[in-house]
Amino acid sequence: MSAPIVIHRPSPTGGRRVTIRGQIAGLATGDHDVVEFLRRAGLPDAETLLDQPEWVEWRGGRAHRYEAA
């Protein structure tokens, strides 16, 4: 089973699309954006989830990196 939160590969112009349970949450330009998306989705302790593979899957690039591909 895959993680409910997916942080997709960096876009050519920078930023990463974030999906939560298959729904697009937005385009993140840093961890602060991801944390805000997760907070809005009802996960107030989101900072602690970013490095937990059972919660977050980082695709197509290094974790916590958002610069253009």
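Details of the structure are given in the entry above.
Let me begin by describing the structure that accompanies this report. Because the structure is a prediction, the values reported are computed rather than measured.

## Looking at the pattern of salt bridges
Throughout the structure, instances matching the rule amount to four salt bridges. Residues Arg 65 and Glu 67 are paired through a salt bridge, measuring 3.1 Å at the closest nitrogen-oxygen approach. It is possible to trace a salt-bridge network through shared partners that takes in Glu 36, Arg 39 and Arg 40.

## As for the sheet that holds strand 4 (residues 56-58)
Read across the open sheet, the four strands follow the order 3-2-1-4; overall the sheet is mixed. With partners counted over all chains shown, the strands left at the sheet margins are strand 3 (23-28) and strand 4, one partner each. For this sheet, the mean inter-axis angle between neighbouring strands, taken without regard to orientation, is 20 degrees. Note: strand 1 (residues 5-10) against strand 2 (residues 16-20), four bridges, orientation antiparallel. Bridged to Ile 7 within strand 2 is Val 18. Set on the sheet, helix 1 (residues 31-40) makes contact with strand 1, strand 2, strand 3 and strand 4; between it and strand 3 the angle comes to about 150 degrees.

## A word on the packing of aromatic side chains
A complete count under the given rule lists one aromatic pair for this structure. Judged by centre distance (6.2 Å) and plane angle (70 degrees), the ring pair of Trp 58 and Tyr 66 falls under edge-to-face. By relative accessible area, Trp 58 is classed as buried at 17%.

Conventions and cut-offs
Residues numbered from 1 in each chain as written. Predicted model: local features only at pLDDT ≥ 70, side-chain atom pairs only at ≥ 80, totals over all residues. Heavy atoms only, no water. Salt bridge = Lys/Arg side-chain N within 4 Å of Asp/Glu carboxyl O. Pairing = 2+ DSSP bridges. Helix = DSSP H or I, 4+ residues; strand = E, 2+ residues; numbered from the N terminus. Axes fitted to C-alpha atoms, helices over the stretch in contact; angles between N-to-C directions. Contact = heavy atoms within 4.5 Å. Phe/Tyr/Trp six-rings, centres within 6.5 Å; stacked < 30°, edge-to-face > 60°. Buried < 20%, exposed > 50% of the residue type's maximum accessible area, 1.4 Å probe, protein only.

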